[in-house]
Amino acid sequence: MKVHGEVFSSATQRVLACLYEKELDFEFVPVGMRTGAHKKQPFLSLNPFGLVPAFEDGDMTLFESRAINLYIAHTYEDKGTQLLYDGKKMAIASVWMDVEAHQFDPAASKLGGTVDAAAVQEKEAKLVQVLDIYEVRLAQFKYLGGDDFTLVDLHHLPRLQRLMGSQMKKLVDSRPHVRAWSADILARPAWLKVLAMQANN
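This structure is a prediction, so every number in the text was calculated from the model and none was measured.

### Here we look at the overall build of the protein
The helix and strand tally for the protein stands at nine helices and four strands. When the helices and strands of the protein are listed from N to C terminus, the series reads β-α-β-β-β-α-α-α-α-α-α-α-α. Scaling as 2.2 N^0.38, a compact globule of 201 residues should have a C-alpha radius of gyration of about 17 Å, and the protein matches this with 17 Å. In terms of its C-alpha atoms, the protein occupies a principal-axis envelope of roughly 45 × 45 × 30 Å. A buried classification covers 47% of the 201 residues belonging to the protein. Summed over all atoms, the accessible surface of the protein reaches about 10000 Å², with 55% contributed by carbon and sulfur.

### Quick notes on the UniProt feature "domain: GST N-terminal" (unreviewed entry) in the protein
As recorded in UniProt, the feature "domain: GST N-terminal" (unreviewed entry) lies at residues 1–80. Helix and strand shares over residues 1–80 are 29% and 20% respectively, and the end C-alpha atoms of the span are 16 Å apart.

### Concerning the side chain of Ser65
When you line up the elements, Ser65 lands in helix α2 (residues 65–75). The exposure class of Ser65 is buried, given its relative accessible area of 4%. Among the polar contacts made by the side chain of Ser65, one reaches the side chain of Arg14 at a distance of 3.1 Å. Beyond its immediate chain neighbours, meaning those up to four positions away, Ser65 contacts Ala11, Arg14, Val15 and Pro53.

### Here's the deal with helix α3 (residues 87–108)
The end-to-end C-alpha separation of α3 is 30 Å, in line with the 32 Å expected for 22 residues at 1.5 Å each. Glu100 marks the point of greatest bend in α3, at about 35°. Looking only at α3, the buried set comprises Met90, Ala93, Trp96, Met97, Val99, Glu100, Ala101, Phe104, Asp105, Ala107 and Ala108. Contact partners of the buried residues in α3: α1 (10–21), α2, α4 (117–140), α5 (151–154) and α6 (157–164).

### Thoughts on the nonpolar core
With 52 residues, the main nonpolar core has Phe55, Ile72, Phe104, Leu127, Leu131, Tyr134 and Trp181 as its most contacted residues. When neighbours within four sequence positions are excluded, Leu127 is seen to be in contact with Phe104, Ala107, Ala108, Leu111, Leu163 and Leu171.

### Quick word on the environment of Pro106
Residue placement: Pro106 occurs in helix α3. The exposure class of Pro106 is partly exposed, given its relative accessible area of 30%. When the C-alpha atoms of Pro106 and Leu127 are compared, they prove to be 8.9 Å apart, with 21 residues separating the residues in sequence. Setting aside residues no more than four positions away along its own chain, Pro106 makes contact with Glu100, Ala101 and Lys123.

### Observations concerning the pairing of strand β1 (residues 2–5)
As paired strands, β1 and strand β2 (residues 27–30) are joined by four bridges and run parallel to one another. Each residue of the ladder has a partner; that of Gly5, found in β2, is Pro30. Read as a crossover between parallel neighbours, the route from β1 over α1 to β2 is right-handed. Alignment of β1 against strand β3 (residues 54–57), held across three bridges, turns out to be antiparallel.

### Remarks on α2
When we look at burial in α2, the residues that qualify are Ser65, Ile68, Asn69, Tyr71, Ile72 and Ala73. Close packing links the buried residues of α2 with α1, β3, β4 (60–63) and α5.

### Quick look at the environment of Asp132
Within the element layout of this structure, Asp132 appears in helix α4. For the pair Asp132 and Thr12, spaced 120 residues apart in the sequence, the C-alpha separation amounts to 28 Å. A polar contact of 2.9 Å, which involves the side chain of Asp132, links it to the side chain of Arg175.

### Here's the deal with the sheet that holds β4
Whenever strands of a sheet pair, they do so through backbone hydrogen bonds, lying parallel or antiparallel. Reading across from one edge, β2-β1-β3-β4 is the order of the four strands in this open sheet, with mixed pairing throughout. Whereas interior strands pair on both sides, the edge strands pair on one side only; in this sheet they are β2 and β4. For this sheet, the mean angle separating the axes of adjacent strands, direction not counted, is 20°. Contacts from α1 reach β1, β2 and β3 within the one sheet, and its direction differs from that of β1 by about 160°.

Rules used throughout
Residues numbered from 1 in each chain as written. Predicted model: local features only at pLDDT ≥ 70, side-chain atom pairs only at ≥ 80, totals over all residues. Heavy atoms only, no water. Helix = DSSP H or I, 4+ residues; strand = E, 2+ residues; numbered from the N terminus. Rg over C-alpha atoms; globule rule 2.2 N^0.38 Å. Buried < 20%, exposed > 50% of the residue type's maximum accessible area, 1.4 Å probe, protein only. Areas by Shrake-Rupley, 256 points an atom, 1.4 Å probe, with all protein chains shown as cover. UniProt positions renumbered as here; feature names shortened; annotations may be inferred. Polar contact = N/O pair within 3.5 Å; in protein donor to acceptor, adjacent residues only side chain to side chain. Contact = heavy atoms within 4.5 Å. Expected span 1.5 Å × (residues − 1). Bend = angle between axes of the 7 residues up to and from the residue. Core = buried A, V, L, I, M, F, W, Y, C linked by side-chain atoms within 4.5 Å. Pairing = 2+ DSSP bridges. Right-handed = clockwise from strand over helix to strand, strands pointing away. Axes fitted to C-alpha atoms, helices over the stretch in contact; angles between N-to-C directions.

Below you can see the structure in the form of C-alpha cells.
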C-alpha cells in the first residue's frame, strides 16, 4: 500500500489519518510539489489531474482523498476503527460527508491563511452558517455522523486543525458542542501521528 503525497496537503492528511485509524501498514512516497513533480510523469499516471494524493493498493490505483478513504474503510472494514455505518445510519452519515465536502470545506479552506479581506468576510459568513448547523447537530449526537467517530469527522480534521491555529478559532470556541467535538477529534492518536509526520518534514 502506497500513498503518494505531501504531508502539508489537507487531502493527503485525510488519507494518512484514515490509514492510521485503520492501523494499516503503508509506504509514504513524498511528491515534490515545489519542483512541480505532481504535474509530470510518472505522477500523472497515478492522478491525471496532477493533484495529491494518489493511492496504490496492489493493482488498485485511486485519487481523490474522500474516495480513497471510502475504499480503505470498506476494504479493511475488519481492521482498526470502524469508520462506516451499515444501512440507514450510513445514509445519514453520507449526508454529513457531503456537507463536509460541499459546505464546510469550501468555506474553511480559504480561512486561516492570507487572502483578501472581502474573500475572508464571505467565507467566514458561510462558515458561521455551517457551524451553527453543526452546533445543533452536535447537541443531539456526539459526532456529526451519529454516536461514533466515522469518516464524516475524520474528513474535517485537516481544515479544523488549521482553523484552530488561526483567528477563526473563535468561531469554534464560541459554540460549546462544536468546541467539544473539535477537541475530541483533534486529540485522536491517529491524527497526532499525521501531525508528527508534518513536524518531521
